[in-house]
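Structural overview
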Amino acid sequence: MKIVSVVGARPQFVKLAPIATAAAAAGVEHIIVHTGQHYDPMLSDVFFDDLGIPAPDVHLGVGSGSHGVQTGAMLSALDAVFDAQQPDWVLVYGDTNSTVAAALSAVKLHVPVAHLEAGLRSFNRRMPEEHNRVLTDHAADLLLAPTHVAVDHLTREGLAARTVLVGDVMTDVLLSVRDEVAGRSSALLEELSLTPGGFYVSTIHRAENTDDPDRLRAVVTGLAAVDKPVVLLAHPRVVAKAAAHGIPLSQGSLIAHAPLAYPDLIAAVLASAGVVTDSGGLQKEAFLLRVPCTTVRNETEWVETVELGWNVLVETADEIATAVTRARPVDTDAAPYGDGHAATRVIEALRAR
Ligand code: UD1
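This one's a predicted model, so the numbers in the text were calculated from it and none came from an experiment.

Calculation rules
Residues numbered from 1 in each chain as written. Predicted model: local features only at pLDDT ≥ 70, side-chain atom pairs only at ≥ 80, totals over all residues. Heavy atoms only, no water. Pairing = 2+ DSSP bridges. Helix = DSSP H or I, 4+ residues; strand = E, 2+ residues; numbered from the N terminus. Contact = heavy atoms within 4.5 Å. Axes fitted to C-alpha atoms, helices over the stretch in contact; angles between N-to-C directions. Near = heavy atom within 4 Å. Polar contact = N/O pair within 3.5 Å; in protein donor to acceptor, adjacent residues only side chain to side chain. 1 Å grid on protein atoms, 1.4 Å probe; cavity = no way out; pocket = protein on both sides within 12 Å on 5 of 7 lines; lining within 4 Å. Sits in = over half its atoms within 2 Å of the grid points. Domains from an automatic or database assignment. Buried area = accessible area lost by both parts, 1.4 Å probe. Salt bridge = Lys/Arg side-chain N within 4 Å of Asp/Glu carboxyl O. Nonpolar A, V, L, I, M, F, W, Y, C, P; charged D, E, K, R; others polar. Buried < 20%, exposed > 50% of the residue type's maximum accessible area, 1.4 Å probe, protein only.

1. Looking at the sheet that holds strand β1 (residues 2-7)
Here we have seven strands laid out as an open sheet, ordered β3-β2-β1-β4-β5-β6-β7, and parallel in their pairing. The open sheet is flanked by β3 (58-59) and β7 (163-165), the only strands paired with a single partner. Bridge analysis of strand β6 (residues 142-145) against β7 gives three bridges, and the strand direction is parallel. When the bridges of β7 are listed, L144 appears paired with V164. Docked against the sheet, helix α1 (residues 10-25) engages β1, β2 (29-34), β4 (89-93) and β5 (113-116), running at close to 165 degrees with respect to β2.

Structure below.
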């Protein structure tokens, strides 16, 4: 069996890591195509290096652009790649423009396509990720769902026959990195002279929070008013938007910092008092590490984190400051995101069909 994985953005490299390992263990031929959607070393290369992912076999070097320009450039480049590789499966990950481009190219070439992390829904049709997920799920031949909730969404959309529950591959990678960094001091604490439990970790990058200057100002004001230092691991998008709108990212409690490599991020979250984010992955990582999370969005795809009390959705500046200081939730041993062996199940599911 030959699988071509198509990735391009930071969270996809994290999901690729356990798949690359499981494919190698199963003796499956695995070709990695990097679209080039993310190209800064801290958003791309460090993930390959730290997570032991083989270097991409093909790099499309597409870079940034408007949604149509970026997605279109990937789409036209991928046709030739799939034609040359003739894979048994194209595997696409998550909900970025790289995901939908690869799914569309594959389906039109009649190459079987599997969607990893299928069935997530925010039901917010203004989010680019929501378009990407819905379009990819309906194009794909095999839907690899991370949770029961995702399976339910796919069933309601008439896609049950193509769906397999495999668990969440981010759990696979998180559990192994957590064990690696356990007991190791966090470089971020030393660099910023922070104390364990004396700071929050934040990431804000979504278009809904960054593109409108009034919205970005409200989020920054909320983070700056928090009772302890808030380390904002600033994605290039928020840095660019803040500079364009004249909004300082280091003010009050808020300290802007470059993004971290994955093991350093996990060590920092483990040492923190909580996470404030609009990232999907980080909400779940915080839950798996049992660190309280505050999510700066009106909805989440990872509803289990909210239902179990470990995540709170907030919108206004006042809500941010209040939510982060809330009491620690009741401990739980619930495991809605699987047992850390999802990647093996993915390879089995691809083999079985
Ligand atoms: C993309 C995904 C989002 C995911 C996020 C993870 C889409 C629609 N969005 O958002 O779902 O959560 O990745 O980080 O696919 N830039 C750089 N260097 C880079 C990459 C981007 O400076 O290496 C800057 C550019 O100004 C670019 C902007 O960030 O225009 C946005 O990048 P883009 O890839 O379009 O989307 P993300 O915001 O990263």
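2. Observations concerning the site of the ligand
Neighbouring the ligand are 21 residues, the closest being Q37, H38, Y39, N97 and E129. At 2.9 Å from an oxygen atom of the ligand is found a main-chain nitrogen or oxygen belonging to N97. Within the contact set of the ligand, an oxygen atom lies 2.7 Å away from a side-chain nitrogen or oxygen of E129. Under a 2 Å grid-point criterion requiring more than half of the atoms, the pocket assigned to the ligand is the largest pocket. If you list the elements that add at least two residues to the shell around the ligand, you get α1, α3 (67-85), α5 (128-139) and α11 (236-245).

3. Some thoughts on the domain arrangement of the protein
In terms of domain boundaries, the protein breaks down into domain 1 (2-168 + 338-352) and domain 2 (177-324). Centre-to-centre, using C-alpha coordinates, domain 1 lies 26 Å away from domain 2. Listed by partner, the interface residues are 22 residues for domain 1 and 18 residues for domain 2. Interface area, domain 1 with domain 2, both sides summed: about 1600 Å², of which 62% is carbon and sulfur. At the surface where domain 1 touches domain 2, the tally comes to four salt bridges. Counting across the interface, domain 1 meets domain 2 through four residue pairs in polar contact (both at pLDDT 80 or more). If you list the elements that add at least two residues to the side of domain 1 that touches domain 2, you get α1, α2 (45-50) and α5. Tallying contributions element by element places α2 first for the side of domain 1 that touches domain 2, with three residues. In terms of residue class, the side of domain 1 that touches domain 2 is built from 10 nonpolar, four polar and eight charged.

4. Section: helix α12 (residues 262-271)
When you tally the buried positions in α12, you get eight out of 10 residues, the bulk of the element. Among all positions of α12, only Y262, P263, L265, I266, A267, A268, V269 and A271 are buried.

5. Let's talk about the environment of V7
Considering the arrangement of structural elements, one finds V7 in strand β1. Residue class for V7 comes out buried when judged on its relative accessible area of 0%. Taking the C-alpha atoms as reference, V7 lies 6.3 Å from V33; in sequence the two are 26 residues apart. When near neighbours in sequence (up to four residues on either side) are disregarded, V7 contacts Q12, F13, L16, I32, V33, H34, T35, Y93 and S98.

6. So, the pattern of salt bridges
Inspection of the entire model under this criterion finds 17 salt bridges. Note that D95 and R133 form a salt bridge whose closest N and O atoms lie 3.0 Å from each other. Remark: R133 occurs in helix α5 and D95 occurs in the loop between β4 and α4 (97-108); sequence separation between them is 38 residues. Per residue, the accessibility class of D95 equals that of R133, and both read buried. Between R237 and D211 there is a salt bridge; the shortest N-O distance is 3.2 Å. One end of the pair, R237, is in helix α11; the other, D211, is in the loop between α9 (207-210) and α10 (213-224), and 26 residues separate them in sequence.

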